[in-house]
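Architecture and fold: a report
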Amino acid sequence: MDRILPFTDEHKMFREAFGKFLDKEAVPYYDQWEKNGTVPRDFFKKMGDKGYISVWLPEEYGGPGGDLLYMIIQTEEYTARGLNGIFVRLHGDVIAPYIYRIGTEEQKKLWLPLAAKGEKIFAIAMSEPDAGSDLANLQAKAVKDGDYYVLNGNKAFISNGMLADMIIVAARTDFEAKPHKGVSLFLVETANLEGFSRKRHNKIGLNAQDTAELSFVDCRIPQEALLGEENRGFFYLMEKLQQERLVAAVNALGQARRSLDVTIPYVQQRKMFGKTLAKFQNTQFELAKMATEIEMAQSFIDQLTIEHMADKTLTKEVSMAKYYCCELASRVSTKCLQFFGGYGVCEEFPISRQFVDTRFLSILAGASEVQLVIVAREMGL
Amino acid sequence: MGKVIACYKWVPDEADIKINSDHTIDLSKAKWKISDYDKNAIEAAVQAAQVLEGKAVSLTFGGANAKSSLKDALSRGPDEACWINSDLASEADGFVTATVLAAAVRKMEDVSLVICAEGASDTYARQITPRLGAELDWPVITSVSNISINGNTIRAERQLDDCIQTVEAELPAVISVLPEVNDAPLPSLKAVIAASKKPVTELGDKDLGITDLTSKTRVQSQKAYVMIRKNIIFTEGDALDQVKELVGNLKKEGIL
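What you see is a predicted model, and the numbers here were worked out from it, not measured in a lab.

Residue and element names in this part refer to chain A. By the alternation rule, side chains of strand E1 (residues 122–125) split into Phe 122 and Ile 124 and Ala 123 and Ala 125, which are all buried. For E1 and strand E4 (residues 166–172), the ladder comprises four bridges, and the chain directions are parallel. Following the sheet pairing, Phe 122 is matched in E4 by Met 166.

All names here are of chain B. Spatially, E11-E10-E9-E12-E8-E1-E6-E7-E13 is the arrangement adopted by the nine strands of the open sheet, whose pairing is mixed. The outermost strands of the open sheet, each flanked by one partner alone, are strand E11 (164–170) and strand E13 (200–204). With direction set aside, neighbouring strand axes in the sheet form an average angle of 30 degrees. As defined by bridge partners, strand E8 (residues 111–117) adjoins strand E12 (residues 173–177) across five bridges and the pair is classed as parallel. The residue bridging Cys 116 from the neighbouring strand is Ser 176, located in E12. Of the strands in this sheet, strand E1 (3–8), strand E6 (56–62), strand E7 (80–85) and E13 touch helix H2 (residues 67–75), which is tilted by about 160 degrees from E7. Against the sheet, helix H4 (residues 128–136) contacts E1, E8, strand E9 (140–150) and E12, and its axis sits at roughly 180 degrees relative to E12.

For the rest of this paragraph, the subject is the interface of chain B and chain A. Counting residues at the interface gives 13 residues for chain B, matched by 18 residues for chain A. Summed over both sides, the interface of chain B with chain A buries roughly 1,300 Å², with 64% coming from carbon and sulfur. It is Leu 186, Leu 189 and Lys 190 of chain B that lose the most area in chain B upon contact with chain A, and together they represent 46% of the buried surface on that side. Applying the counting criterion to the chain B and chain A interface returns two salt bridges. Taking the shortest distance from any N to any O, the salt bridge between Glu 10 of chain A and Lys 71 of chain B comes out at 3.1 Å.

Moving on, we get to the packing of helix H4 (residues 68–80) of chain A against helix H9 (residues 281–309) of chain A. All names here are of chain A. Here H4 crosses H9 at 150 degrees, and the two axes come no closer than 11 Å. Between H4 and H9, the interaxial angle falls into the category roughly antiparallel. Contacts between H4 and H9 involve Leu 68, Leu 69, Ile 72 and Glu 76 from the former and Gln 298, Thr 305, His 308 and Met 309 from the latter. Of the residues that constitute the contact of H4 with H9, the class distribution is four nonpolar, three polar and one charged.

All names here are of chain B. Taken together, the side chains of Ile 19, Ile 25 and Leu 27 present a nonpolar region at the surface, about 220 Å² in accessible area. Note on placement: Ile 19 falls in strand E3 (residues 18–19). Ile 19 gets classed as partly exposed once you look at its relative accessible area, which sits at 48%.

Here we come to the pattern of salt bridges. Residue and element names in this part refer to chain A. The tally for this structure, following the rule as stated, stands at 38 salt bridges over all chains. Glu 25 is paired through a salt bridge with Lys 46; the nearest N and O atoms lie 2.9 Å apart. Taken together, the residues span a long stretch of sequence, with Glu 25 in helix H1 (residues 9–25) and Lys 46 in helix H3 (residues 41–49) at a distance of 21 residues. Taking the relative accessible area as the measure of exposure, Glu 25 reaches 14% and is therefore buried.

This part is about the environment of Ala 115 of chain A. Residues and elements named next belong to chain A. Within the secondary structure, Ala 115 is located in helix H6 (residues 105–117). Assessed through its relative accessible area of 0%, Ala 115 is described here as buried. Expressed as a C-alpha distance, the spacing of Ala 115 and Ile 95, which sit 20 residues apart in the sequence, is 9.4 Å. In this structure Ala 115 touches Ile 53, His 91, Ala 96, Lys 120 and Phe 122, once residues within four positions along its chain are discounted.

A few words now on the domain arrangement of chain A. Residues and elements named next belong to chain A. One can read the domain layout of chain A as domain 1 (9–120), domain 2 (123–231) and domain 3 (240–378). The straight-line distance from the C-alpha centre of domain 2 to that of domain 3 is 32 Å. Residue-level contacts link five residues of domain 2 with six residues of domain 3. The contact between domain 2 and domain 3 buries some 510 Å² in all, and 75% of this surface belongs to carbon and sulfur atoms. Between domain 2 and domain 3 we count one residue pair in polar contact (both at pLDDT 80 or more) in total. Across the side of domain 2 that touches domain 3, the residue classes break down as two nonpolar, two polar and one charged.

Under the domain assignment, chain B is made up of domain 1 (3–208) and domain 2 (226–256). Its C-alpha centre places domain 1 of chain B at a distance of 44 Å from the equivalent point of domain 2 of chain B.

Counting 100 residues, the largest nonpolar core has Phe 14, Phe 43, Met 47, Tyr 52, Ile 86 and Ile 168 of chain A as the members making the most contacts within it. Leave out the neighbours within four places in its chain, and Ile 86 of chain A touches Ala 26, Tyr 30, Trp 33, Val 39, Phe 43 and Tyr 78 of chain A. Formed by 34 residues, the second largest nonpolar core is a distinct cluster that contains Tyr 8, Ala 66, Leu 74 and Ala 173 of chain B.

Here we come to H1 of chain A. In a regular helix each residue adds 1.5 Å, so 17 residues correspond to 24 Å; H1 of chain A covers 24 Å between its end C-alpha atoms and thus fits that length. Within the span of H1 of chain A, buried status applies to Glu 10, His 11, Met 13, Phe 14, Ala 17, Phe 18, Gly 19, Phe 21, Leu 22 and Glu 25 of chain A. Residues of H1 of chain A that are buried sit in contact with helix H2 (30–36), H3 and H4 of chain A together with H2 and helix H5 (189–195) of chain B.

This paragraph deals with empty space enclosed by the protein. Residue and element names in this part refer to chain A. What the rule picks out here adds up to one cavity of 30 Å³ or more. Counted as a void, the largest cavity has a volume near 30 Å³. Residue lining of the largest cavity: Met 47, Tyr 52, Ile 53, Ser 54, Gln 74, Tyr 78, Val 88, Arg 89, Gly 92 and Asp 93, and that is the complete set. Elements with a contribution of two residues or more to the lining of the largest cavity: H4 and helix H5 (88–102). By residue number, the principal contributor to the lining of the largest cavity is H5, which donates four residues. The residue inventory of the lining of the largest cavity, partitioned by class, reads five nonpolar, three polar and two charged.

Each value, and the rule that gives it
- Residues numbered from 1 in each chain as written.
- Chains lettered and ligands numbered in written order.
- Predicted model: local features only at pLDDT ≥ 70, side-chain atom pairs only at ≥ 80, totals over all residues.
- Heavy atoms only, no water.
- Buried < 20%, exposed > 50% of the residue type's maximum accessible area, 1.4 Å probe, protein only.
- Helix = DSSP H or I, 4+ residues; strand = E, 2+ residues; numbered from the N terminus.
- Pairing = 2+ DSSP bridges.
- Axes fitted to C-alpha atoms, helices over the stretch in contact; angles between N-to-C directions.
- Contact = heavy atoms within 4.5 Å.
- Buried area = accessible area lost by both parts, 1.4 Å probe.
- Salt bridge = Lys/Arg side-chain N within 4 Å of Asp/Glu carboxyl O.
- Parallel < 35°, antiparallel > 145°, perpendicular 65-115°, else oblique.
- Nonpolar A, V, L, I, M, F, W, Y, C, P; charged D, E, K, R; others polar.
- Patch = residues over 30% accessible without salt bridge, like charges linked within 9 Å, V, L, I, M, F, W, Y side chains within 5 Å.
- Areas by Shrake-Rupley, 256 points an atom, 1.4 Å probe, with all protein chains shown as cover.
- Domains from an automatic or database assignment.
- Polar contact = N/O pair within 3.5 Å; in protein donor to acceptor, adjacent residues only side chain to side chain.
- Core = buried A, V, L, I, M, F, W, Y, C linked by side-chain atoms within 4.5 Å.
- Expected span 1.5 Å × (residues − 1).
- 1 Å grid on protein atoms, 1.4 Å probe; cavity = no way out; pocket = protein on both sides within 12 Å on 5 of 7 lines; lining within 4 Å.
- Points joined across faces, edges and corners; volume = space filled by probe spheres on them.

Okay, here's the thing in structure tokens:
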């Protein structure tokens, strides 16, 4: 069945080129990156040299000026290879757009070309040890002091946190206002920042992703680093959620597909009781059910992508997609692992990485429960 | 200031070729691509055009399906593309292809250099470069692994079986390059998007004013080559015994 997304010749050429790039520059090294707990800076630069970062960014800021379908293709090509911990997309497709949308011309001219070239790496610091999904409750604070803001607070679960040269930090600036009205965003450069420290989280999966805990103690941030208007940070963070959730769903669905793709050849060659696993009806039914769910989800996602590109508001639908695809990816990897038996928990077998990596999906970028609250609210419940 | 032409062929991807039980070749599921070595020729042309401060032009002789190749070629750096759209291409032998390409080159003004790959990844017949040179009456350099251009002179290193030979020729010339000549980089996204805005010239074989386009050779059949393996496994004794037996057998076969 052909997909309904309007992929052009250019999209197809890009898929081929980007896939070959990953085969050459990422796949052979990824196991080592998992061991190292980080993707090397050099990889960001290689991506940047090819114009593969921030594919949506207009040429005037150093990007190639592509559309959303290029981002979808990148996501699918990463996940098809199990490169789940490369968060160049977070850097270039989630964080850089904040600067493009709400930054001053000076901020855009400074940071966006650096992002697109992969010369500086970005992170965004919203979550805190006691404020994840309930973001309005965040405690980090920035107090104006002359030409500076003095930043204090702790951030947790920050992707790209160890590598980041610049972190968009959400901090409270109005302590009298209602919780969601007193938050501002700051472009915080990490180099030589006094009072700043960071520590890697040791996680069960997504190990190539350098997730960190950040600490800011009396950090002096120049007032020019304020991103957008003071106290509107919470609204800025909410504005692009539709696309972020849609791409998160694409990513999860890609990971579900990868789990199935590595399992099918295994059950076709693994013999038990004199025949291959693929010949057992249980195997056939389980894999057929998973394949059906994946294809059904793909149709929904593709339809959403088309409507999102036509600027439709899809609050309920993208939350449904984010929730469903992330749960699906975790469920598929768990069921697929079972077919591998003991091999499934050995690192040499790619399903083991799928199993641990997909467990993150229903937590990251808005937990499943947050998505369900939104869906229920949109249903009038 | 002259143009540098990169010739390329649109071929089935060898990874998708299926062999039927009667050894006939099934191309029905094959995706098509620019012949791998031709990507090096395109990159070489782009580099040479920069040195000559001229334009790089991709040139292909192919049927209707070769239309898909034009943007792909242009995304690799040429300034413009020329497509000889003809049904004759699928049955063309070296004579027809070289005749058509030479006519197309003559039609373009101010061509300094034509670059082909040493051979195409489907047939690897290595016919086009020498034939093209003969048609155009230009010097020919084959098996090129390194190029430098100085003024109107091209200096090329030829990678031969037992030596590297360095030769010089005056431009215009026709050369064929080996994959070693460059890395044929993957196109950037900017180049992919820009490809659709570059000019393409489409010509039919009748536009070239050629009277004889009859292939001098005819393909009678095309079948997969099957290598018959003996599948002898030496299991007796320890590793040393097995190696001795293997070497003895290879000697007996005249291989060692």
